Amino acid sequence: MKCKRCKAPAVVALPSHNTGFCADCFDIFFTRQVERGIHSEKLFTKEDRILIALSGGKDSLACILVLKRLGYDVTGLHIDLSIPNSSEQARATVEAFCQEHGIALIVKEMAQEGLAIPKVKARLNRPICSACGKIKRYFFNKVALDEGFTALATGHNLDDEIARLFSNVLRWDVGYLSDQGPMLEADNGFARKVKPLFRLSEYETANWSFLQGIPYHYAPCPYSKGASFTSYKKLWADLEDGMPGRKLAFYLGFLERGKVPFQKQEELTGDSLAPCTSCGYPTSAEVCGVCRIKDAVAELDAQD
Amino acid sequence: MSEHHAAPAEEPSGERRPYGVTVTLQPSNKTEVLPVRSVLQLLNKLQIRPTTVLVIRDGGLLTPDQRLNHGDEIIVRTVVSSG
Ligand code: SF4
Ligand SMILES: [Zn+2]
Ligand SMILES: [Zn+2]
């Protein structure tokens, strides 16, 4: 197989674009897709200060590297969850990567916030992942606002977005359907959220990451139940196989024609949010979920 | 062509070792030896869709049309993110 642009031997085959690329031309293709997404959805500009959540996985590292090379003002944020046999490796990967590429990094330790995940897990009698996700989102948002960032980016790719959208559609979840997309404007108490890799598939991102030498580490969280939305991703892989390009078309169609009616509906029937009386984070309850978890963990500590 | 094409009969032991490509699956790290002659054959044999894995030989990526040779060591790494 030959590269579509320069006819050198291809190293990446892209059925959805019915083509293949050599390493250099694939870099150009990938970077242009990211730029196109940023411009078409007006995610941010060179004036923005962008905070990027770095889990240690390839997608978030790819996200910050491509934005840095494009000349955006980027800073990494790593949340250290204090999970044994997992958090240490994730943090070391992120720190080494940021040092290698000259990227500013903020590390937030959950142990110091009284929210070490194993303690939270010991205190909760429901699955840890939803609480852990809530805690991560809370601190992404808090650091972004406290430190004056104007956009908060995550490494979600097209497959993540499609799987989430599909799951929201199956439940007709008006609230989630009203605010899913590559850009969520800042709204009282919430930073602007952006997903710069939304046009790129998981496969494309993995190929690009490999070719840029982004490290492959596999130290899964011991509490993980495996990849989320796996069955929806399989279903969509079948659909995409039969009609290459269908995933992106479905997603862009939702943004263009599907989302607004859900937003209108949500304005009428959605929960109204007010600042948490303890920390100020927007919540539909009086005290936000993270403050309640914190109190519960502190109570447990007091008993020890 | 590469040294991988050396005929089995020329191997020092003098024995004819059956043709085989050593495949390591990531992240499970399971290894098996398969009698396949191209990346596409390999993926078909494993029943893996080409757009769900990276196929790596000697630190480089292979497209499905690439030929494989006796003695090749191949990594098949799934791309689905765990997050
Ligand atoms: S698997 Fe669950 S507990 Fe572990 S880091 Fe992810 S969300 Fe947190
Ligand atoms: Zn090329
Ligand atoms: Zn609170």
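Note that the structure is predicted; figures quoted are calculated from it, not measured.

Asks: Describe in detail the packing of aromatic side chains, supporting the description with residues and values.
Replies: All names here are of chain A. For the structure on display, the rule yields 14 aromatic pairs over all chains. With 6.5 Å between their ring centres and 40° between their planes, Phe21 and Phe26 make a pair best called tilted. Of the two residues, Phe21 and Phe26, both sit in the buried class. With 5.0 Å between their ring centres and 40° between their planes, Trp236 and Phe250 make a pair best called tilted. Here Phe250 lies in helix α10 (residues 246–269) and Trp236 lies in helix α9 (residues 230–242), a separation of 14 residues in the sequence.

Asks: Tell me about the nonpolar core, and please be specific about residues and values.
Replies: All names here are of chain A. Residues Val34, Ile52 and Leu67 are the most contacted members of the largest nonpolar core, which totals 57 residues. Looking at this core element by element, the count peaks at seven residues for helix α2 (residues 58–69). Apart from residues no more than four positions distant in its own chain, Val34 is found in contact with Val66, Leu67, Leu70, Pro196, Leu197 and Leu200. Judged by nonpolar contacts, the second largest core, of 31 residues, contains Ile117, Ala131, Tyr223 and Cys276.

Asks: A description of the sheet that holds strand β4 (residues 60–61) of chain B should follow, citing residues and the corresponding values.
Replies: Here five strands make up an open sheet; going across it, the order is β2-β1-β5-β3-β4 (chain B) and the pairing mixed. The open sheet is flanked by β2 (30–34) and β4 of chain B, the only strands paired with a single partner. Here helix α8 (residues 202–211) of chain A sits on the sheet in contact with β3 (53–57), β4 and β5 (73–78) of chain B, set at roughly 30° to β3 of chain B. Packing against the sheet, helix α1 (residues 39–46) of chain B makes contact with β1 (21–26), β2, β3 and β5 of chain B, and its axis sits at approximately 120° to β2 of chain B.

Asks: How would you sum up the pairing of β5 of chain B? Please name residues and give values.
Replies: Pairing analysis gives five bridges linking β1 of chain B to β5 of chain B, with the strands arranged parallel. Paired with Val23 of chain B across the strands is Ile74 of chain B, a residue of β5 of chain B.

Asks: Summarise the state of the cysteines; cite the residues concerned and give the values.
Replies: Residue and element names in this part refer to chain A. The final tally for this structure, using the stated rule, is zero disulfides over all chains. In this structure Cys63 is not part of a disulfide, and its nearest cysteine sulfur, from Cys98, lies 12 Å away. Residue classification places Cys63 among the buried positions, given a relative accessible area of 0%.

Asks: Account for the coordination of the zinc ion (ligand 2), with residues named and values stated.
Replies: All names here are of chain A. Looking at the metal site, the zinc ion (ligand 2) is ligated by Cys3 (SG), Cys6 (SG), Cys22 (SG) and Cys25 (SG), spaced 2.3 Å from it. Each of the four donor atoms around the zinc ion (ligand 2) contributes to a set of angles spanning 101 to 117°, which defines the coordination as tetrahedral. Site description for the zinc ion (ligand 2): donor spacing in sequence, C-x2-C-x15-C-x2-C.

Asks: Describe the interface of chain B and chain A, naming the residues involved and giving the relevant values.
Replies: The interface is formed by 23 residues belonging to chain B together with 24 residues belonging to chain A. Across the chain B to chain A interface the summed buried area is about 1900 Å²; carbon plus sulfur atoms make up 61%. Summed over the shared surface of chain B and chain A, the number is two salt bridges. Its salt-bridge partner being Asp241 of chain A, residue Arg49 of chain B comes within 2.6 Å of it at the nearest N-O pair. At the junction of chain B and chain A, the tally comes to four residue pairs in polar contact (both at pLDDT 80 or more). Where the side of chain B that touches chain A is concerned, the elements lending two or more residues are β3 and β4 of chain B. In terms of residue count, β3 of chain B provides more of the side of chain B that touches chain A than any other element does, three residues in total.

Asks: So what's going on with the site of ligand 1? Residues and values would help.
Replies: Leu81, Cys129, Cys132, Lys136, Cys221, Tyr223 and Ser224 of chain A make up every residue found near ligand 1. Of the residues that constitute the shell around ligand 1, the class distribution is five nonpolar, one polar and one charged.

Asks: Outline the coordination of the zinc ion (ligand 3), supporting the account with residue identities and numerical values.
Replies: Residues and elements named next belong to chain A. Those protein atoms acting as donors to the zinc ion (ligand 3) are Cys276 (SG), Cys279 (SG), Cys288 (SG) and Cys291 (SG), and they sit at 2.3 to 2.4 Å. Around the zinc ion (ligand 3) sit four donor atoms, and with donor-metal-donor angles ranging over 106 to 114° the site reads as tetrahedral. Positions of the donor residues of the zinc ion (ligand 3) along the chain correspond to the pattern C-x2-C-x8-C-x2-C. Of this pair, Cys276 sits in the loop between β9 (274–275) and β10 (282–283) while Cys288 sits in the loop between β10 and α11 (289–303); the two residues are 12 residues apart in sequence, bridging distant segments of the chain. Of the two residues, Cys276 and Cys288, neither departs from the other in class, the shared state being buried.

Asks: Account for empty space enclosed by the protein, with residues named and values stated.
Replies: In total, this model carries one cavity of 30 Å³ or more according to the counting rule given. Each pocket or cavity is described by its volume, and for the largest cavity that value is around 100 Å³. Contributing to the lining of the largest cavity are 15 residues, with Tyr203 of chain A together with Pro50, Val53, Val55 and Leu62 of chain B lying nearest its centre. It is β3 of chain B that provides the largest number of residues to the lining of the largest cavity, a total of three residues. Classifying every residue of the lining of the largest cavity gives 13 nonpolar, two polar and no charged.

Analysis parameters
- Residues numbered from 1 in each chain as written.
- Chains lettered and ligands numbered in written order.
- Predicted model: local features only at pLDDT ≥ 70, side-chain atom pairs only at ≥ 80, totals over all residues.
- Heavy atoms only, no water.
- Phe/Tyr/Trp six-rings, centres within 6.5 Å; stacked < 30°, edge-to-face > 60°.
- Buried < 20%, exposed > 50% of the residue type's maximum accessible area, 1.4 Å probe, protein only.
- Helix = DSSP H or I, 4+ residues; strand = E, 2+ residues; numbered from the N terminus.
- Core = buried A, V, L, I, M, F, W, Y, C linked by side-chain atoms within 4.5 Å.
- Contact = heavy atoms within 4.5 Å.
- Pairing = 2+ DSSP bridges.
- Axes fitted to C-alpha atoms, helices over the stretch in contact; angles between N-to-C directions.
- Disulfide = S-S within 2.5 Å.
- Donors = N, O, S within 2.8 Å, 3.2 Å for Na, K, Ca; no water.
- Tetrahedral: all angles 85-135°; square planar, octahedral: opposite > 155°, others 65-115°.
- Buried area = accessible area lost by both parts, 1.4 Å probe.
- Salt bridge = Lys/Arg side-chain N within 4 Å of Asp/Glu carboxyl O.
- Polar contact = N/O pair within 3.5 Å; in protein donor to acceptor, adjacent residues only side chain to side chain.
- Near = heavy atom within 4 Å.
- Nonpolar A, V, L, I, M, F, W, Y, C, P; charged D, E, K, R; others polar.
- 1 Å grid on protein atoms, 1.4 Å probe; cavity = no way out; pocket = protein on both sides within 12 Å on 5 of 7 lines; lining within 4 Å.
- Points joined across faces, edges and corners; volume = space filled by probe spheres on them.

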